[in-house]
Amino acid sequence: MSLPRRALLAAPLLATPALAQVAGFPNRPIRLVVGFPPGGGSDLVSRPIAQRMGEILGQPVAVENRGGANGNLGLDAVAKSAPDGYTFGHVNNSVIAVNPLLYRSLPFDPVRDLAPLATATVGGLFVMVPADLPVRNLQEFIALAKQRPGQLNFGSGGPGSITHLAFELFTRQAGVNVVHVPYRGSAPALQDMLGGRVQLMIDGINLAKAQVDSGRVRALAILTPQRHPMMPDVPTAREQGMPDLVVPGWQGFVIRAGTPESIKQVLQEAIRASLEDPGVQETFRNQAIIIGYNDRETMGRMIAEETARWRPVIEQVGIRLD
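The shown structure was predicted, so the numbers you read here are calculated from the model rather than taken from an experiment. (Residues numbered from 1 in each chain as written. Predicted model: local features only at pLDDT ≥ 70, side-chain atom pairs only at ≥ 80, totals over all residues. Heavy atoms only, no water.)

Enquirer: Tell me about the pairing of strand β7 (residues 179-182), residues and numbers included.
Expert: Where strand β6 (residues 153-156) and β7 come together, four bridges link them in parallel fashion. Counterpart to F154 in the pairing with β7 is H180. Considered for its hand, the β-α-β crossover made up of β6, helix α8 (residues 162-174) and β7 is right-handed. (Pairing = 2+ DSSP bridges. Helix = DSSP H or I, 4+ residues; strand = E, 2+ residues; numbered from the N terminus. Right-handed = clockwise from strand over helix to strand, strands pointing away.)

Pasting the structure below:
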């Protein structure tokens, strides 16, 4: 009799050389620190993976939310944990690669104190306007903004957020003057857009798709190299004459630097196997989340590329946070 797919995923992992090299690991629950409040996009990614990792490893993987300081509080907890594999943390590309450029001082050094484990998902940011704004693509919005300099408002999820940086990149490439209005999260910015006080937002598919489907918001572009499979009618910025307006997004996991390589390999393989699980894949598919696994070496290169991408933008804009 053939084994269920879930069993087939777990069995090869338990026999990997990595686990054989770490006898007894894990022998107690593991903590996954998420640096944002419960219920957000970070939770949507972390919790299904944590549950499946616990099944694969034979020990619970408990999610601990430590929201605050744009993800820095959560990373600080990981950076100050013991390098034994029993604490690791969720990150997105903004938190791990951009925050060190934005904040004047951090209580940890992301290069010295943290090590990549694996990426899990990829995403994209959508450029959105209210449905009653008379524009249907980026060029029409740019033309309107040039006709009304300083009269259109952009609502971001907060100063220094990836949505804010994407906005700065867009307005500089487009040569337009749009007013940045920072909010404490995307939800209040969206409410002001629906109320007519904000004419532009840039955000992820979790927010964009529901609003576009409702007919209240129009998506002008996605800032990725390819269109999103869940919103295939939305063209990329590249397709609309802005080849350099690409803002990739991804989520993944890091661990305390100095953790033994064999333990990091066990956790990396558990993340990979979790992402191959049909149940996890179905959960993500229902939430329009795209799986994008990369091993820890590749993730390290991705972090360096993100830092190099945003350093000149942040220096030009002069954004610094305390």
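Enquirer: Could you give an account of the sheet that holds strand β10 (residues 249-256), with specific residues and numbers?
Expert: Two pairing modes exist for strands in a sheet, parallel and antiparallel, and in both the strands are linked by backbone hydrogen bonds. If you walk across this open sheet you meet the six strands as β2-β1-β3-β10-β4-β11, and the pairing is mixed. Whereas interior strands pair on both sides, the edge strands pair on one side only; in this sheet they are β2 (61-65) and β11 (290-294). Between one strand axis and the next, the sheet turns by 25° as a mean value, whatever way the strands run. Sheet topology places strand β3 (residues 87-92) next to β10; five bridges connect them, and they run antiparallel. The residue bridging G89 from the neighbouring strand is V254, located in β10. (Axes fitted to C-alpha atoms, helices over the stretch in contact; angles between N-to-C directions.)

Enquirer: Would you mind going over the pattern of salt bridges in detail, with residue names and values included?
Expert: A full pass over the atoms with the stated rule returns 18 salt bridges. One salt bridge connects D43 with R47, and the closest N-O pair in it is separated by 2.9 Å. Residue D43 and its partner R47 are located together in helix α3 (residues 41-57), separated by four residues, close to a single helical turn. R272 is paired through a salt bridge with E269; the nearest N and O atoms lie 2.8 Å apart. Within this pair, R272 and its partner E269 are both found in helix α11 (residues 261-275), separated by three residues, close to a single helical turn. (Salt bridge = Lys/Arg side-chain N within 4 Å of Asp/Glu carboxyl O.)

Enquirer: Tell me about the confidence of the model for the protein chain, and please be specific about residues and values.
Expert: In this model, the protein chain carries an average pLDDT of 90, and 93% of its residues clear a pLDDT of 70 or more. Per-element confidence in the protein chain ranges from a low mean pLDDT of 39 for helix α1 (residues 5-14) to a high of 98 for helix α7 (residues 138-147). This stretch, residues 1-20, has a pLDDT under 50; its non-local contacts, to residues over four places away or in other chains, come to 27 contacts. (pLDDT = per-residue confidence, 0-100. Contact = heavy atoms within 4.5 Å.)

Enquirer: Explain the sheet that holds β7 residue by residue, including any values.
Expert: One open sheet holds the five strands; their spatial order is β7-β6-β8-β5-β9, and the pairing between them is mixed. Each end of this open sheet is capped by a strand with a single partner; those strands are β7 and β9 (217-222). Within the sheet, the average angular offset between the axes of one strand and its neighbour, ignoring direction, is 30°. As judged from the four bridges shared by strand β5 (residues 125-130) and strand β8 (residues 200-204), these two strands associate in the antiparallel manner.

Enquirer: Any chance you could break down the packing of α3 against α11 for me, citing the residues and the numbers?
Expert: At their nearest, the axes of α3 and α11 sit 9 Å apart, and the two run at 115° to each other. Between α3 and α11 lies a crossing whose hand is right-handed. Listed contacts from α11 to I49, R52, M53, I56 and L57 of α3 are V266, L267, A270, I271, A273, S274 and L275. Classifying every residue of the contact of α3 with α11 gives 10 nonpolar, one polar and one charged. (Left-handed = near helix turned anticlockwise from the far one by under 90°. Nonpolar A, V, L, I, M, F, W, Y, C, P; charged D, E, K, R; others polar.)

Enquirer: An account of α11 is requested, with residue identities and associated values reported.
Expert: An ideal rise of 1.5 Å per residue puts 21 Å on 15 residues; α11 measures up with 21 Å between its terminal C-alpha atoms. Across the 15 residues of α11, 12 count as buried, placing the element largely inside the fold. For α11, every residue scored as buried is listed here: S262, I263, K264, V266, L267, Q268, E269, A270, I271, A273, S274 and L275. (Expected span 1.5 Å × (residues − 1). Buried < 20%, exposed > 50% of the residue type's maximum accessible area, 1.4 Å probe, protein only.)

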